[in-house]
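Structural overview
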Amino acid sequence: KIHEVARNYFAQKDGAVWYFGEDVDNYKDGKVDNHDGSWRVGKEVKEPFLFMPAEPKKGDKFRPEDVKGVAEDEAEILDILESLEVGGTTYRDVLKIKLTIIIDKEVKLKYYARGVGFIREEEGDKILDLKKVVRKGT
């Protein structure tokens, strides 16, 4: 069952990735129930948030979302893994990030690969893996 569909808006400048907002559709019984968690630069906030530093280092901390009462996250780079296999593909130099979602009091581990982005999420005993990468034009 679909729980949520989110359309996220990012831009890259000088190697850093900036987060400009997201449109969220939250589903209940197969239908859109609400849009809680949605926000955009120019509406709820004035400036984008740092989503990924240009030269990430173990121990870096940042706030990828900081919209009071809507989406408040804290991120910390726990490690830079030499490699990680996900979905039958081995990725190199993978960032392991602890994401604390303040509103929901949840902690997730997220993994990002250079040139791909998000490849894995761990929350408790649940693991969500990227299945395949589709490049535009392929």
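Everything below is about the structure shown above.
First, a word on scope: everything that follows refers to the structure included in this document. (Residues numbered from 1 in each chain as written. Predicted model: local features only at pLDDT ≥ 70, side-chain atom pairs only at ≥ 80, totals over all residues. Heavy atoms only, no water.)

On to the overall build of the chain. In terms of helices and strands, the chain carries zero helices and eleven strands. In sequence order, the secondary structure elements of the chain are arranged as β-β-β-β-β-β-β-β-β-β-β. Against the 2.2 N^0.38 benchmark of 14 Å for 138 residues, the chain shows a C-alpha radius of gyration of 16 Å, consistent with a compact globule. With the C-alpha coordinates of the chain rotated into their principal frame, the extents come out at 40 × 35 × 35 Å. A separation of at least 24 residues holds for 28% of the contacts in the chain among residues at least 6 apart in sequence. Accessible surface for the chain amounts to roughly 9400 Å². Of this, 48% is attributable to carbon and sulfur atoms. Averaging the positions of the 26 positive and the 29 negative side-chain charges in the chain gives two centres separated by 3 Å. (Helix = DSSP H or I, 4+ residues; strand = E, 2+ residues; numbered from the N terminus. Rg over C-alpha atoms; globule rule 2.2 N^0.38 Å. Contact = heavy atoms within 4.5 Å. Areas by Shrake-Rupley, 256 points an atom, 1.4 Å probe, with all protein chains shown as cover. Lys, Arg positive; Asp, Glu negative; His and termini not counted. Charge placed at Lys NZ, Arg CZ, Asp CG, Glu CD.)

Pairing within the open sheet is antiparallel, and its six strands lie in the order β6-β7-β8-β9-β10-β11. Where the open sheet ends on each side, the last strands, each with one partner, are β6 (61-67) and β11 (126-129). Between one strand and the next, the sheet's axes are offset by a mean angle of 25°, whatever the strand orientation. Direction of pairing for strand β10 (residues 117-123) relative to β11: antiparallel, over a ladder of four bridges. Each bridged residue has a counterpart across the sheet, and for Arg120 the counterpart in β11 is Asp129. (Pairing = 2+ DSSP bridges. Axes fitted to C-alpha atoms, helices over the stretch in contact; angles between N-to-C directions.)

Attention now goes to unusual backbone geometry. A positive phi angle, close to 55°, is found at Asp29, a residue other than glycine. With respect to the helices, strands and loops of the structure, Asp29 is situated in the loop between β2 (16-28) and β3 (31-34). The phi torsion at Lys105 lies on the positive side, around 55°, for a residue other than glycine. Tracing the sequence through the fold places Lys105 in the loop between β8 (89-101) and β9 (106-113). Classification of Lys105 as exposed rests on a relative accessible area of 77%. (Buried < 20%, exposed > 50% of the residue type's maximum accessible area, 1.4 Å probe, protein only.)

What follows concerns the nonpolar core. Within the largest apolar cluster, 16 residues are counted, with the highest numbers of intra-cluster contacts made by Trp39, Met52, Leu95, Ile97 and Tyr112. Listed by contribution, the elements that provide at least two residues to this core are β5 (49-52), β6, β7 (71-86) and β8. Of the residues forming this core, the biggest block, four residues, is contributed by β8. Apart from residues no more than four positions distant in its own chain, Leu95 is found in contact with Met52, Pro56, Ile77, Asp79, Ile80, Lys110, Tyr111 and Tyr112. Leu84, Tyr91, Val94 and Ile119 belong to the second largest nonpolar core, which has eight residues in total. (Core = buried A, V, L, I, M, F, W, Y, C linked by side-chain atoms within 4.5 Å.)

So, about the pairing of β2. A regular strand places its side chains so that they alternate between the two faces of the sheet. Bridge count for strand β1 (residues 4-13) against β2 is ten bridges, and the pairing is antiparallel. Looking at the pairing, Glu4 lines up with Asn26 of β2. As judged from the three bridges shared by β2 and β5, these two strands associate in the antiparallel manner. Following the sheet pairing, Tyr19 is matched in β5 by Phe49. When β2 meets strand β4 (residues 39-40), the two strands line up antiparallel, connected through two bridges. The residue of β4 that forms the bridge with Gly21 is Arg40. Where β2 folds back on β3, the antiparallel hairpin that results is connected by two residues, among which Asp29 adopts a positive phi of roughly 55°.

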